[in-house]
Amino acid sequence: MIEPPLVSPTGLDEAYRLLAEAVHRPVAGGTDVLVQLAGELGPPPERLIDLWGLDELRGISLDGDALTLGALTTYTEIRRSAVCRDLVPALVEASATIGAAQIQNRGTLGGNVANASPAGDMLPVLLATDAVIVVGSVRGEREVPAPSFWTGYRQTALQPDEIVVRIRIPLIADRQVRFRKIGTRRAQAISKVVLALSWVAESPGVQWRMVRLGLGSVAERPIRATATEAVLDGRLPTSDTADTASVRVAAEIEPINDVRSTADYRRAVTARVLHRLIREAGGW
Ligand SMILES: Cc1cc2nc3c(=O)[nH]c(=O)nc-3n(C[C@H](O)[C@H](O)[C@H](O)COP(=O)(O)OP(=O)(O)OC[C@H]3O[C@@H](n4cnc5c(N)ncnc54)[C@H](O)[C@@H]3O)c2cc1C
């Protein structure tokens, strides 16, 4: 394993300046970067910049009508956050499925976002909640809606000198969010399929609006299944709706065969899990 030079800025402005001067690979918790150092996932980094000391990237707060999480927020912090549990419990559920305690103590939400794995477990939740990724550089901050952030296999909308600063999740009245991860084990398992479904309905007997379906491990990047969302929008969670939506999602996704699963399994499981979520919501 190579050991590239590492700089440790003490403030965000200093970090931006260093990133503008030369390309550095950011290190947050380091749980993915350590794997990258082995050079098994593309060329290893030439220079590292340690973000861990940047307090500007920390904290969970209510910010008007949005929940804001600093890029360095760890899974353990999300799991312990009463605000997350009250307002977006799917964030807490998803965090609880990541790795095991060691990874949850050190791994960060911003790292999951920037690492851009198609199997990143938090990413479907961010897609289903219309999250906005706020990125920064010497040029200032800009906002990237989650569906535009992951642009291809392990590719993001980040420029080489930009970092993820925070993630903002708009809070929408009467929104429900459900999360499911299918892996080989309950811990230390990379997803075979990961799914987050959200909808807005004032009461259980009311038609769904603003349906979002975020999916991981079924395409080259985390995706929203917009054709399936269209099937669900304006409908009640009936058995007909569930049948139609599960057929549609199986046709919409493009899973692959790999060491963790087959494309056929992923397609079948995605359809079944979606069916089950709709059934649970409909109470039938
Ligand atoms: C044993 C093990 C189990 C794991 N289990 C899971 C799992 O169940 N589910 C899952 O989704 N992931 C899992 N992971 C992957 C990893 O832990 C997560 O993706 C984690 O969120 C990465 O966060 P980090 O802070 O450690 O990122 P780092 O390793 O520090 O960085 C990850 C990538 O993002 C970049 N980066 C980090 N922060 C920023 C930023 N603020 N701005 C710009 N770029 C940035 C880095 O340059 C790097 O390319 C596992 C990893 C290990 C080693």
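A short tour of the structure in this document, coming up. (Residues numbered from 1 in each chain as written. Predicted model: local features only at pLDDT ≥ 70, side-chain atom pairs only at ≥ 80, totals over all residues. Heavy atoms only, no water.)

**A few points about the sheet that holds strand β13 (residues 209-216)**
Then, number 1: The four strands are arranged β11-β12-β13-β14 in an open sheet whose pairing can be described as antiparallel. The open sheet is flanked by β11 (175-182) and β14 (223-224), the only strands paired with a single partner.
Then, number 2: Relative to β13, strand β12 (residues 193-200) is paired through six bridges, and the arrangement is antiparallel. Bridging across to β13, V194 finds its partner in G216.
Then, number 3: Sheet strands touched by helix α12 (residues 263-282): β11, β12 and β13. Its angle to β12, the strand with the most contacts, is close to 30°. (Pairing = 2+ DSSP bridges. Helix = DSSP H or I, 4+ residues; strand = E, 2+ residues; numbered from the N terminus. Contact = heavy atoms within 4.5 Å. Axes fitted to C-alpha atoms, helices over the stretch in contact; angles between N-to-C directions.)

**Considerations on the pattern of salt bridges**
Oppositely charged side chains may form a pair once their charged atoms are brought near each other.
Then, number 1: This structure, assessed with the given rule, holds 14 salt bridges.
Then, number 2: We note a salt bridge from E21 to R17, for which the minimum N-O separation is 3.3 Å. Here E21 and its partner R17 are both found in helix α1 (residues 12-21), four residues apart, which amounts to about one turn of the helix.
Then, number 3: We classify E21 as exposed; its relative accessible area is 55%.
Then, number 4: Among the salt bridges present, the one from R139 reaches E162, with a minimum N-O distance of 4.0 Å. Here R139, found in the loop between β6 (132-137) and β7 (140-145), pairs with E162, found in the loop between β9 (155-156) and β10 (163-170); they are 23 residues apart in sequence, far enough to count as distant.
Then, number 5: Look at R139 and you get exposed, because its relative accessible area is 55%.
Then, number 6: Overall, the relative accessible area of 6% leaves E162 in the buried class. (Salt bridge = Lys/Arg side-chain N within 4 Å of Asp/Glu carboxyl O. Buried < 20%, exposed > 50% of the residue type's maximum accessible area, 1.4 Å probe, protein only.)

**As for helix α11 (residues 239-252)**
Then, number 1: With 14 residues, α11 should reach 20 Å at 1.5 Å per residue; the first-to-last C-alpha distance of 20 Å fits that figure.
Then, number 2: Contacts from the buried residues of α11 go to β13, α10 (226-232) and α12. (Expected span 1.5 Å × (residues − 1).)

**Considering the site of the ligand**
Then, number 1: Lining the immediate environment of the ligand, one finds 32 residues, of which P26, T31, D32, Y75 and T108 sit closest.
Then, number 2: At a separation of 2.6 Å, an oxygen atom of the ligand approaches a polar side-chain atom of T108.
Then, number 3: Note that a nitrogen atom of the ligand is positioned 2.8 Å from one of the backbone N or O atoms of V164.
Then, number 4: Relative to its unbound accessible surface of 990 Å², the ligand loses 87% to contact with the protein.
Then, number 5: Broken down by secondary-structure element, the contributors of at least two residues to the shell around the ligand are β2 (25-27), α2 (33-37), α7 (109-115) and β10.
Then, number 6: In terms of residue count, α7 provides more of the shell around the ligand than any other element does, four residues in total. (Near = heavy atom within 4 Å. Polar contact = N/O pair within 3.5 Å; in protein donor to acceptor, adjacent residues only side chain to side chain. Areas by Shrake-Rupley, 256 points an atom, 1.4 Å probe, with all protein chains shown as cover.)

**Here's the deal with the sheet that holds β2**
Then, number 1: Strands sit in the order β1-β3-β2 across an open sheet of three strands; the sheet is parallel. One side of each edge strand has no neighbouring strand; the edge strands of this open sheet are β1 (6-7) and β2.

**As for the pairing of strand β5 (residues 66-70)**
Then, number 1: Burial analysis of β5 places five of its five residues in the buried class, the great majority of the element.
Then, number 2: Neither face of β5 is left uncovered, since the one carrying A66, T68 and G70 and the one carrying L67 and L69 both have all their residues buried.
Then, number 3: In terms of strand pairing, strand β4 (residues 60-63) meets β5 through four bridges, oriented antiparallel. Along β5, the bridge assignment pairs I60 with L69.
Then, number 4: Linking two consecutive strands that pair antiparallel, namely β4 and β5, is a turn of two residues; a positive phi of about 65° is found at G64 within it.
Then, number 5: Judged from the five bridges that link them, β5 and β10 form a sheet pairing that is antiparallel.

**Regarding the packing of aromatic side chains**
Then, number 1: Inspection of the entire model under this criterion finds two aromatic pairs.
Then, number 2: Centroid distance F149 to W150: 5.5 Å. Interplanar angle 80°. Geometry classified as edge-to-face.
Then, number 3: Its guanidinium or amino end placed over the ring of W52, R58 lies 4.7 Å from that ring's centre, counting from NZ or CZ.
Then, number 4: One cation-aromatic arrangement involves R106 over W52; the distance from NZ or CZ to the ring centre is 4.0 Å. (Phe/Tyr/Trp six-rings, centres within 6.5 Å; stacked < 30°, edge-to-face > 60°. Lys NZ or Arg CZ within 6 Å of the ring centre and 35° of its normal.)

**Regarding the side chain of D161**
Then, number 1: Inspection of the secondary structure assignment puts D161 in the loop between β9 and β10.
Then, number 2: Judged by relative accessible area, D161 falls into the buried class, the value being 12%.
Then, number 3: For D161, the side chain forms a polar contact with the side chain of R139, separated by 2.6 Å.

**A closer look at the environment of S61**
Then, number 1: You can see S61 is positioned in strand β4.
Then, number 2: Separated by 92 residues in sequence, S61 and Y153 place their C-alpha atoms 31 Å apart.
Then, number 3: S61 has contacts with A66, L67 and T68, leaving out every residue within four places of it along the chain.

**Quick notes on unusual backbone geometry**
Then, number 1: Of note, D130 is a non-glycine position whose phi angle comes to about 55°, a positive value.
Then, number 2: The class for D130 is partly exposed, based on a relative accessible area of 23%.
Then, number 3: Phi at D174 takes a positive value of approximately 65°, unusual for a residue other than glycine.
Then, number 4: Along the polypeptide, D174 turns up in the loop between β10 and β11.

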